[in-house]
Amino acid sequence: MCDTCGCSITPGNRKSAAAIHALPVLEGLLAENDRMAAHNREHFARHGVLALNLMSSPGAGKTLLLEATVEALKGGLSCAVLVGDLATDNDARRIAAHGVPAVQIGTGQACHLDAHMVHDALHGMDLAGIDILFIENVGNLVCPASFDLGQHDNVVLLSVTEGDDKPAKYPVMFRAADLVLLSKADLLPVMDDFDPARAEAALRGLATDAPLLVLSARRGQGMAGWLDWLRERHAALRQPRLAAARPHFGVLRA
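Here the structure is a predicted model, which means the values were calculated and not measured.

**A word on the overall build of the protein chain**
Secondary structure assignment for the protein chain yields 10 helices and 7 strands. For the protein chain, buried positions account for 49% of its 254 residues. Sequence-distant contacts in the protein chain: of pairs separated by 6 or more residues, those separated by 24 or more amount to 75%. Total accessible area on the protein chain stands at roughly 11500 Å², and carbon and sulfur atoms take up 56% of it.

Encoded structure:
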């Protein structure tokens, strides 16, 4: 975990942290992040790019979903990908192999992307002619939800290999979702302890109406609904009145 997002500040040490002025520093960092996020959003608007923040725990299938998605959208919507990881460029190389612009963001010890990292990575990417920019965040169900990157929507993956109580256990992340994808659905027949209905009930218990789609990127199951959602969001972005009526960008702070 990292100091920049405040994960090191716990209920047990909060009083001490405040005494050494850690909280004002944290608030300043978040305010500066929000300023840069607004700058990123303006940049996306100038290019007519729909920016999506993909978040999940590690291994939920974000990269495989992106590989299947960019292939399915070829000839229709053009895509580019920013990939966040603590180390390696494995995922960016996987995406680039599909003929899609991909830039790896190495976060070092940071457990999430922030708006400054995204801004710096955009200097290495030409957005001209790009319709959708996917930002694959670091695998983590906690910190990424607290940092606005300039995205239009948050997409959160919940794989059936995790647990159907994850929305209840990680409420900040799932409240921040504009769309939830129940991934690796092809494994449901052998994951008899995961109930999609319980997962959706836990999600609705957070008072969110974010759609939940069930899919398997590996088998193609349910991909049509995901692709239709992408096309609808891109079309809405190109209609100024619809885009202006959507002030919520899905970022919540604990």
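That covers the picture; the talk isn't over yet.
**Let's talk about the packing of aromatic side chains**
One pass over the full model with this rule turns up 2 aromatic pairs. Measuring from ring centre to ring centre gives 5.9 Å for Trp226 and Trp229, while their planes differ by 10 degrees; the resulting arrangement is stacked. Here the residue Trp226 and the residue Trp229 both occupy positions in helix α9 (residues 223-237), the gap between them amounting to 3 residues, near one helical turn. The buried category is assigned to Trp226, whose relative accessible area is 0%. Taken together through their ring pairs, the aromatic side chains of Phe134, Trp226 and Trp229 make up a single cluster.

**Considerations on the packing of helix α3 (residues 62-73) against α9**
Closest axis-to-axis distance for the α3/α9 pair is 11 Å, and the angle between their directions is 65 degrees. When the interaxial angle is binned, α3 and α9 end up roughly perpendicular. Between α3 and α9 lies a crossing of right-handed hand. From α3, Leu65, Ala68, Thr69, Ala72 and Leu73 reach across to α9, where they touch Met223, Trp226, Leu227, Leu230 and Arg231. Its residues placed into classes, the contact of α3 with α9 shows 8 nonpolar, 1 polar and 1 charged.

**Notes on helix α8 (residues 196-204)**
Where α8 is concerned, the buried positions are Ala199, Ala202 and Leu203. Around the axis of α8, the buried residues are gathered within 100 degrees of arc, so they sit on the same side. Buried residues along α8 sit in contact with β5 (153-159), α6 (166-169), α7 (171-175), β6 (179-183) and β7 (212-214). In this structure Asp195 caps α8, since a side-chain oxygen of it lies 2.9 Å from the backbone nitrogen of Ala197.

**What to know about the pairing of strand β4 (residues 132-136)**
Along any regular strand, the residues point their side chains to alternate faces of the sheet. With 5 of its 5 residues buried, β4 lies for the most part within the structure. The two faces of β4 match: Ile132, Phe134 and Glu136 on one face and Leu133 and Ile135 on the other face are all buried. In the sheet, strand β1 (residues 50-55) pairs with β4 via 5 bridges, with the strands oriented parallel. The residue of β4 that forms the bridge with Leu52 is Phe134.

**Focus on the environment of Ala217**
Positionally, Ala217 belongs in the loop between β7 and α9. Overall, the relative accessible area of 18% leaves Ala217 in the buried class. Remark: the alpha-carbon pair of Ala217 and Lys184, spanning 33 residues in sequence, is separated by 7.0 Å. Once residues within four sequence positions are removed from consideration, Ala217 is found in contact with Leu64, Leu65, Ala68 and Met223.

Parameters and conventions
- Residues numbered from 1 in each chain as written.
- Predicted model: local features only at pLDDT ≥ 70, side-chain atom pairs only at ≥ 80, totals over all residues.
- Heavy atoms only, no water.
- Helix = DSSP H or I, 4+ residues; strand = E, 2+ residues; numbered from the N terminus.
- Buried < 20%, exposed > 50% of the residue type's maximum accessible area, 1.4 Å probe, protein only.
- Contact = heavy atoms within 4.5 Å.
- Areas by Shrake-Rupley, 256 points an atom, 1.4 Å probe, with all protein chains shown as cover.
- Phe/Tyr/Trp six-rings, centres within 6.5 Å; stacked < 30°, edge-to-face > 60°.
- Axes fitted to C-alpha atoms, helices over the stretch in contact; angles between N-to-C directions.
- Parallel < 35°, antiparallel > 145°, perpendicular 65-115°, else oblique.
- Left-handed = near helix turned anticlockwise from the far one by under 90°.
- Nonpolar A, V, L, I, M, F, W, Y, C, P; charged D, E, K, R; others polar.
- Arc of directions from axis to C-beta.
- Polar contact = N/O pair within 3.5 Å; in protein donor to acceptor, adjacent residues only side chain to side chain.
- Pairing = 2+ DSSP bridges.

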